[in-house]
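In case you want the letters, here they are:
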Amino acid sequence: MTPVTVNDQASSLTPPPRRSLLRRLLGWRVVSALIGAFVLAAMFHLLIMPRLVRWRVRAALDQAGFPQATFAVGKATPWGARLEDVTLSTGDHVDRVDIGYTPTDLWNGRVDLLRFTGLSYAIPPIGSEAKATTQKSRSFAAEKEIPIRRIEVIKSKIVLPAKTPIEIPIDASVKKEQTRYRVNASAAEALKINGTIGTTLRDGQMTLAIANADGEMIANSIAAFAPNGTVFIGGTLSGDACAQWKDGSASIDGKLRITPKTEESAEASKAKLFVTAGVLQGIMRAAPATRPSLELTVAGLDFATSNVSAQGLAGTIKLVDLFPPKSEPLQHFTANKLAIGGVELTDGEAQLTIDMSSGGIFVGRTRWQWLGGRVAASDVQVSREGPIKMVLHARDVDLHQLLALMAKGKASGTGKISGDIPITIDTSGADVEFGSATLSAAPGGEVQIKDAEAIAPTAEAAAQSAKSPSQSAEIKRNITDALSDFQYEQLSAQLKNESGGLMADIHMVGHGRGGAKQGIDYNLRVHGVDKALKTYLNIQSAVNMPAPSPAPTTAPTTGKAESK
């Protein structure tokens, strides 16, 4: 029997040991593939991703209204990027810009988030030339949607042009909601804006709210855009407004309240228009088929210019066209006080018609309280091409107040004066001409002439008819006493233009109130009345009122005296 070696046969049939999973994973083919993938990812992240981000961000910034901005991509991932050293085409700087997107957004040229942090945007002055760009300007109505879902501006400021630039802190956001953009913004913690706009910007609705905004800041902001129309607001502003537009039609409806402040700024003296208080409420409409219109109501408005000031102005004006302004006929206004030069009028009203395309401003009627009486005018045409002509009707003006203004320290009295005075004002408003007029007083008033030099010639003329020195002295004393305290039965003044000036012939008939109660028929001629009136009106402030200079003539023995 032949022996069999079992162990040797079993050994020859045993398989070789299997390699571990780790050794297979670390095989050179797998390692090579991993290294290749890593190199490709690195190249995509370091080379392709920044270029793709730069390309898409450039398009997004252009669409957002920031063309030709320069920047460096500080960080770029498939889900976002950070821009550094951002400078806009205007030279304005941004501390940081964060971009948010998905890989799909990036490939399709869209951006989920565009956030500006530390933007300082300087608005160029009016009339300055913008830097030339090759990009065509984009109209307000965009033809395509802006490819950005959300734009945010935080910790930023707008810089308005002025001698001392005005910095207004702002925060704002624009977020797309389906087919519209929602806008929220705030400025200087006093101004808030919110609303929605269509994705093509052709329709929208925005509301604006102001709460205790500093009037000086608002005025300086207005001056930055309208340097030739300086306005100063001496108070705080509160109010709201709503603007709507669609298919070329638009409307703005708002209300603004100006609350006065106790102190005034030095800037107020430089303003062409100084507004201190009041409430303004109005609505403006515009449509393709109609002219733009405005209805504005004011109440308790206080304002001043270099020559005119008003307090408590109230009324409504309806402009049926704004370019140029044209109103409905005879718009009615009232005011508690109106000051023109040195003339202060109270409790008045006016009816105005505005048509700047042809006639200018037409005053149908205006009437006011003045010096205890009334003054009125009607059918006055105010035009930039011709002088303003009117007849001023004065009724029951208090003689005491009138003499206090026109003959201060020279005469006083009591009574009521009435008359009609033609007035012509040149186009610049720097000169006034007074026409011939008659003023008369109601009987029974009193006049006290305090100017001894004006009384002396009259007394001397009357005393010449005396038969003895004692009688002459008595006549002088009686005339002096009578004119020092005189009661008139007649008092009138004729205003005439002679020798290039306005002259007044004043005629008084009456008697002294004390002593001999001397009867007098007194005439006084006063030259330079127009200069006195212009001084009162502050039209020619350098001209002083001359003293009356009567010239004596021989007087009858009846006590009648005349001085010219």
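Residues numbered from 1 in each chain as written. Predicted model: local features only at pLDDT ≥ 70, side-chain atom pairs only at ≥ 80, totals over all residues. Heavy atoms only, no water.

Draft legend 1. Representation of the overall build of the protein chain within the structure. When helices and strands are tallied, the protein chain shows nine helices and 29 strands. For the protein chain, the residues scored as buried account for 36% of the 564 residues in total. Restricting to contacts in the protein chain with at least 6 residues of sequence separation, those with at least 24 account for 48%. Roughly 32600 Å² of accessible area belongs to the protein chain as shown, and the carbon and sulfur atoms make up 57% of that amount. (Helix = DSSP H or I, 4+ residues; strand = E, 2+ residues; numbered from the N terminus. Buried < 20%, exposed > 50% of the residue type's maximum accessible area, 1.4 Å probe, protein only. Contact = heavy atoms within 4.5 Å. Areas by Shrake-Rupley, 256 points an atom, 1.4 Å probe, with all protein chains shown as cover.)

Draft legend 2. Local environment of the packing of aromatic side chains. Applying the stated criterion to the full structure yields one aromatic pair. With 5.5 Å between their ring centres and 55 degrees between their planes, Phe232 and Phe274 make a pair best called tilted. With Phe232 in strand S10 (residues 231-233) and Phe274 in strand S13 (residues 273-287), the pair connects residues that are 42 residues apart, well separated along the chain. We classify Phe232 as buried; its relative accessible area is 4%. (Phe/Tyr/Trp six-rings, centres within 6.5 Å; stacked < 30°, edge-to-face > 60°.)

Draft legend 3. Local environment of helix H6 (residues 399-406). Of all the positions in H6, only Leu399, Leu402, Leu403 and Met406 are classed as buried. What you see down the axis of H6 is that its buried residues fit within an arc of 95 degrees, all on one side. (Arc of directions from axis to C-beta.)

Draft legend 4. Representation of the pairing of strand S11 (residues 235-246) in the model. Of the strand pairs in this sheet, strand S9 (residues 203-214) and S11 are connected by 10 bridges, and their pairing is antiparallel. Opposite Ala213, over in S11, you have Leu237 as the bridge partner. One ladder, built from 12 bridges, connects S11 with strand S12 (residues 249-260); its direction is antiparallel. Opposite Asp240, over in S12, you have Lys255 as the bridge partner. (Pairing = 2+ DSSP bridges.)

Draft legend 5. Summary view of the environment of Ala172. Tracing the backbone through its elements, the reader meets Ala172 in strand S6 (residues 166-177). Sequence-distant contacts of Ala172, defined by excluding residues within four places in its chain, comprise Ile151, Glu152, Val153, Asn184 and Ala185.

Draft legend 6. Representation of the environment of Glu189 within the structure. In this fold, Glu189 is placed in the loop between strand S7 (180-187) and strand S8 (191-198). By relative accessible area, Glu189 is classed as exposed at 79%. In this structure the C-alpha to C-alpha distance between Glu189 and Pro169, which are 20 residues apart in sequence, comes to 8.2 Å.

Draft legend 7. Quick look at the pattern of salt bridges. For the structure shown, the criterion picks out 18 salt bridges. Ionic pairing is found between Asp98 and Arg96, a salt bridge with its closest N-O pair at 3.0 Å. With a closest N to O distance of 4.0 Å, Glu344 and Lys337 form a salt bridge. Its relative accessible area of 45% is what places Glu344 among the partly exposed residues. Among the ionic contacts, a cluster of salt bridges with common partners joins Arg115, Arg150 and Glu152. (Salt bridge = Lys/Arg side-chain N within 4 Å of Asp/Glu carboxyl O.)

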